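Examining the three-dimensional arrangement
So the chains spell out like this:
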Amino acid sequence: MSELSVNHLLGIKGLTEDDLNLIIETADQFKDVLSRPIKKVPSLRDITIANLFFENSTRTRLSFELAEKRLSADIVNFSAAASSVKKGETLIDTVNNILSMKVDMVVMRHSRPGAPHFLASRTKASVINAGDGAHEHPTQALLDAYSIRERLGKLQGVKVLIVGDITHSRVAISNIFSLQTLGAEVRVCGPRTLIPKHIESLGVKVEYDLMKGLQWCDVANMLRIQLERQDIKYFPSLREYTMLYGLNMERLNQLDKQIVIMHPGPINRGVEITSEVADSEHAIILDQVENGVAIRMSVLYLLAEKTVRN
Ligand code: CP
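Here goes a summary of the coordinates provided. Note that the structure is a prediction, hence the values are computed from the model and not measured.

Across the sheet, five strands lie side by side as β7-β6-β5-β8-β9; this open sheet has parallel pairing. Single-partner strands in this sheet number two, and they are β7 (205–207) and β9 (260–262). Taking each pair of neighbouring strands and ignoring which way they run, the sheet shows an average axis angle of 25°. Of the strand pairs in this sheet, strand β8 (residues 219–222) and β9 are connected by three bridges, and their pairing is parallel. Within β9, the position partnered with Val219 by the bridge is Val260.

What follows is the structure, given as structure tokens:
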């Protein structure tokens, strides 16, 4: 297969195993390009991409921007915090104004689940979801799968434990879909109040005891507590959360094997993970960030080939 089955990347749900493998294998080629002295290729020359960030971001925004520049695209950047949204302009007016500038592709982050889907239904441009509320974060899941495959040499049969605030995490949901489709086994771990009631209907087992989960897994993906998405108190204190679910070197040393540690960022050092673990050889956190550029180059390139070049 050399073409994606979709015109937009709105979520991992809806992608086929072939789609995921095509994105990952194309990212291998871009990773090679990124290791060369001249890191720029002309693949997206004459294609215009708008990066619309209605919610804060460091990694995803910079990573998309770098990926677009490496592919020679023309780009415009929109950040809600510095825009007329602050003067009361609506989402649809903002987006219509940007689209009237004849952009070919749109990368969108928004705090509302479904915002990129709404945009995709109203534009000819190809839309990429860079995170929509607690719904999906597809390129994060793709770079996570890529990074596990890079470290362990495979995804089939790999046991991945996702720890933390599953209820408010778009990273958890997208990871569950991508990893299961690619043959990995996924369990989630955290306090009962932060595990969605029907998560097992996705084929995911729940582990409430962190040490049992760590003993089971090959990879632990430590999530941040999403305080900005929590409208009520889900646990007594951050201190108690850290005592029960924080990853530290003492816990890692109690295991009878080495496991790979991941974190999507931003890290709350000392809460879900200690600095000692985050900065250790067990962690692939900066590899995840590095691989994000190759994955986003792959997604942009494949969608442009499907929707803009044809
Ligand atoms: N992982 C992630 O989405 O980070 P940002 O919020 O900084 O983009």
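Picking up after the structure, the text goes on.
Examined against the element boundaries, Phe54 turns out to sit in the loop between β1 (48–53) and α2 (59–70). Distance in space between the C-alpha atoms of Phe54 and Ser111 is 7.1 Å, their sequence separation being 57 residues. Residues contacting Phe54, with those up to four places away along its chain left out, are Phe78, Ala80, Val85, Leu91, Thr94, Val95, Met108, Arg109 and His110.

In terms of burial, strand β4 (residues 126–132) is largely enclosed, as seven of its seven residues are buried. Traced from strand β3 (residues 105–110) through helix α4 (residues 115–120) to β4, the parallel crossover comes out right-handed.

Moving on: the pairing of strand β2 (residues 74–79). Looking at chain direction, β1 and β2 are connected through six bridges and run parallel. Bridge pairing in β2 places Leu52 opposite Phe78. The parallel pair β1 and β2, bridged by α2, forms a crossover whose chirality is right-handed.

A few words on the site of the ligand. Lining the immediate surroundings of the ligand are Ser57, Thr58, Arg59, Thr60, Arg109, His137, Gln140, Pro264 and Gly265. In this structure, Arg59 approaches the ligand through a side-chain N or O atom, which is 2.9 Å from an oxygen atom. One of the side-chain nitrogen or oxygen atoms of Gln140 is found 3.0 Å away from a nitrogen atom of the ligand. Protein burial of the ligand: of its 260 Å² of free accessible surface, 91% is covered by the chains. Split into classes, the residues belonging to the shell around the ligand amount to one nonpolar, six polar and two charged.

What counts and how
Residues numbered from 1 in each chain as written. Predicted model: local features only at pLDDT ≥ 70, side-chain atom pairs only at ≥ 80, totals over all residues. Heavy atoms only, no water. Pairing = 2+ DSSP bridges. Helix = DSSP H or I, 4+ residues; strand = E, 2+ residues; numbered from the N terminus. Axes fitted to C-alpha atoms, helices over the stretch in contact; angles between N-to-C directions. Contact = heavy atoms within 4.5 Å. Buried < 20%, exposed > 50% of the residue type's maximum accessible area, 1.4 Å probe, protein only. Right-handed = clockwise from strand over helix to strand, strands pointing away. Near = heavy atom within 4 Å. Polar contact = N/O pair within 3.5 Å; in protein donor to acceptor, adjacent residues only side chain to side chain. Areas by Shrake-Rupley, 256 points an atom, 1.4 Å probe, with all protein chains shown as cover. Nonpolar A, V, L, I, M, F, W, Y, C, P; charged D, E, K, R; others polar.

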